[in-house]
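Given next are the chains, with one letter for each unit.
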Amino acid sequence: MRDSYDIVVIGGGLGGLTAARRLAREGRHILLAEQHSQLGGLATYFQRRDHIFDVALHGFPVGMRKSLRKYWGKDFAERVVQVRSIRFHNPQFQLDTTFDNRDFRAKLQELFGLPQERVEAFFAGIAAMNYYDDNSETTREFFQRYFPGRTDVWRFLMEPITYANGSTLDEPAISYGIVFGNFMSEGVYTFQGGTDCMIEMMQRELRSCAVEVETSAAVDKIYVAGGKVRAVRVNGREIACQAVISNGSLPRTVLEWTGQEFFSPEFLSGLQKVRLSTSSCQVYIGIREGATIPYIGDLLFTSTCPEYNTDALLSRNISSRTYSVYYPEIRPGTHKYSVVASMNARYEDWAKMTREEYRAAKKAMIEDTLAALEQYIPELRSICDYTEAATPLTFQRYTGHLQGATFGSKFDGLRYSMELFKQVGGLFHTGSVGIIMSGWLGAANYGVITANEVDRYLN
Ligand SMILES: Cc1cc2nc3c(=O)[nH]c(=O)nc-3n(C[C@H](O)[C@H](O)[C@H](O)COP(=O)(O)OP(=O)(O)OC[C@H]3O[C@@H](n4cnc5c(N)ncnc54)[C@H](O)[C@@H]3O)c2cc1C
């Protein structure tokens, strides 16, 4: 690590990594400081015994291929492959879909019995959404407009998005529309080789364009002088810079690392009201070497709840689970299977537990998940040889995100992320925020948007 850089990027999540690469290609000298021992942030993986678990590789829109090609290179884009099928199993319907425009339109008409004009009007409504328009309508109101009282249709349209980013019917329809619109073109995609392969490729690429990457390097202070950033403190050492891109927690960037004295009262009071998305939980299931599991879909959305219900979805009393099944094809040449079950259960409910209660609750979550999954893989217990669970407390511990926020903030956070540099010269934020900039595609694209702002600022 040198004493001075043009730009310090705090955090190696997809937003920070993509911003660093973009700026390095412009010839900027960059330090990327990641507090964890491994890059990737939430887009990460971990190895236990001979199992590799992908934490956040369940599916992303086809747009990720274009973004990877444009901002990382052809060899990245070539690894983006479509998942075969997505299944739904709940008391209102059971179906199999490729989750693309054509199939969704057909399902809405043939299975849900909706008239074609209504379906077309809904898709036109999605296409017409614009971030800069009046965004006061909620997703509930939007659905009610096109499919009044059809909670089965709402569930079909909404459940995957809730799993994807924890958003609810009572949030701005724009945050639903942009994410749904992104997916609803050509289906759902994944990265062949797995998250480990992608992060390794990104690390190599950054090295080749001379980004200095330091892992186990935590930034705990951003120094400001004359209204502009002048340095950061990394592992206790002061490093001078002209600009900082924080890929870490937005509230911590402002309140903890920079200091509220550098921000206007209006900005601070608005920021403090921003809500975070804080309910991701997972159970990781490793399948014994040599055992196989039948094809049950790549993504399986299950629920025992009679209707789509946000409160039930976020409750510790888990009734809905999404299974991502990793067949050997994800890592060609291997013969390994694993399953990652994703659930939502609010941070507050975990945070108030004693240590013993927490341990017991995690164990119960694993047990309940195995019991629920046995419905689809009856031989599961005899072929499973590793399990582990993550809660919002786990995500908080590994990424430093307040309350284990896994999809950044709700919609209201985007403005504060984008306007950071108007408060302190040279201070920028990137990464999952505002729902529409979240997920792999949103975070990577936002990395580029922020990089362009930084470039403009330095010029
Ligand atoms: C369980 C789960 C499942 C998901 N599934 C999907 C999915 O299927 N598809 C999809 O598109 N998206 C998914 N996502 C969301 C997606 O992974 C995230 O939106 C995206 O990866 C976030 O990227 P980011 O740029 O915001 O950075 P983050 O991933 O938030 O990374 C921020 C980085 O900053 C580092 N950092 C923080 N503070 C400091 C500091 N002080 N000093 C140095 N470093 C610091 C952290 O350690 C971290 O590495 C999922 C997320 C989770 C948690």
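Predicted model, so just to flag it, every value in this text is computed and none were measured. (Residues numbered from 1 in each chain as written. Predicted model: local features only at pLDDT ≥ 70, side-chain atom pairs only at ≥ 80, totals over all residues.)

**Focus: the environment of Ala-240**
Right, on to step 1. Along the chain, Ala-240 turns up in strand β13 (residues 237-240).
Right, on to step 2. Ala-240 sits in the partly exposed class, given 15 other C-beta atoms within 10 Å.
Right, on to step 3. Taking the C-alpha atoms as reference points, Ala-240 and Asp-3, separated by 237 residues in sequence, lie 6.2 Å from one another.
Right, on to step 4. Once residues within four sequence positions are removed from consideration, Ala-240 is found in contact with Asp-3, Ser-4, Arg-230 and Ala-231. (Helix = DSSP H or I, 4+ residues; strand = E, 2+ residues; numbered from the N terminus. Buried ≥ 20, exposed ≤ 12 C-beta atoms within 10 Å, placed from the backbone. Contact = placed C-beta atoms within 7 Å.)

**Describing the sheet that holds strand β6 (residues 80-82)**
Right, on to step 1. Taken in spatial order, the three strands of this open sheet run β5-β9-β6, and their pairing is antiparallel. Because the sheet does not close on itself, it has two edges, and the strands there are β5 (60-61) and β6.
Right, on to step 2. Relative to strand β9 (residues 188-191), β6 is paired through three bridges, and the arrangement is antiparallel. Note that in β9 the partner of Val-80 across the bridge is Phe-191. (Pairing = 2+ DSSP bridges.)

**What about the site of the ligand?**
Right, on to step 1. Close to the ligand lie 39 residues; Gly-11, Gly-13, Gly-15, Gly-41 and Gly-431 are nearest.
Right, on to step 2. Of all elements in the fold, only α1 (14-25), β15 (280-287), α16 (392-399) and α19 (439-458) reach the threshold of two or more residues within the shell around the ligand.
Right, on to step 3. For the shell around the ligand, the element with the most residues is α19, which contributes four residues.
Right, on to step 4. The residue makeup of the shell around the ligand, split by class, is 15 nonpolar, 23 polar and one charged. (Near = placed C-beta within 6 Å. Nonpolar A, V, L, I, M, F, W, Y, C, P; charged D, E, K, R; others polar.)

**Here's the deal with α19**
Right, on to step 1. If you check α19, its first and last C-alpha atoms are 28 Å apart, about what 20 residues at 1.5 Å a residue would give, namely 28 Å.
Right, on to step 2. Listing the buried residues of α19 in full gives Gly-439, Trp-440, Leu-441, Gly-442, Ala-443, Ala-444, Asn-445, Tyr-446, Gly-447, Thr-450, Ala-451 and Val-454. (Expected span 1.5 Å × (residues − 1).)

**Quick notes on the environment of Asp-100**
Right, on to step 1. With respect to the helices and strands, Asp-100 occurs in the loop between β8 (94-97) and α4 (101-110).
Right, on to step 2. The sequence separation of Asp-100 and Cys-281 amounts to 181 residues, and the corresponding C-alpha distance is 27 Å.
Right, on to step 3. Excluding anything up to four places from it in sequence, Asp-100 contacts Ser-185, Glu-186 and Gly-187.

**Here's the deal with the sheet that holds strand β1 (residues 7-10)**
Right, on to step 1. Strand order in the open sheet formed by five strands is β10-β2-β1-β14-β20, and the pairing between neighbours is parallel. What marks the edges here is a single partner per strand, and that holds for β10 (212-214) and β20 (427-429). Adjacent strand axes in the sheet meet at a mean angle of 20° when their direction is disregarded.
Right, on to step 2. Across the sheet, α1 is in contact with β1, β2 (30-33) and β14 (243-246); its angle to β2 comes to roughly 170°. (Axes fitted to C-alpha atoms, helices over the stretch in contact; angles between N-to-C directions.)

**Points about the domain arrangement of the protein chain**
Right, on to step 1. In terms of domains, the protein chain is made up of domain 1 (7-43 + 197-273 + 408-458) and domain 2 (99-183).
Right, on to step 2. Relative placement of domain 1 and domain 2: their C-alpha centres are 32 Å apart.
Right, on to step 3. Tallying the contact residues gives seven residues for domain 1 and ten residues for domain 2.
Right, on to step 4. Classifying every residue of the side of domain 1 that touches domain 2 gives four nonpolar, two polar and one charged. (Domains from an automatic or database assignment.)

**Section: the packing of α1 against α19**
Right, on to step 1. Direction vectors running N to C along α1 and α19 enclose 40°, while the axes themselves pass 7 Å from each other. Taken together, the axes of α1 and α19 lie oblique to each other. Handedness of the α1/α19 crossing: right-handed. Each of Leu-14, Gly-15, Gly-16, Thr-18, Ala-19, Arg-22 and Leu-23 in α1 lies in contact with α19, whose residues at this interface are Trp-440, Ala-443, Ala-444, Tyr-446, Gly-447, Val-448, Thr-450, Ala-451, Val-454 and Asp-455.
Right, on to step 2. Residue classes in the contact of α1 with α19 are distributed as ten nonpolar, five polar and two charged. (Parallel < 35°, antiparallel > 145°, perpendicular 65-115°, else oblique. Left-handed = near helix turned anticlockwise from the far one by under 90°.)

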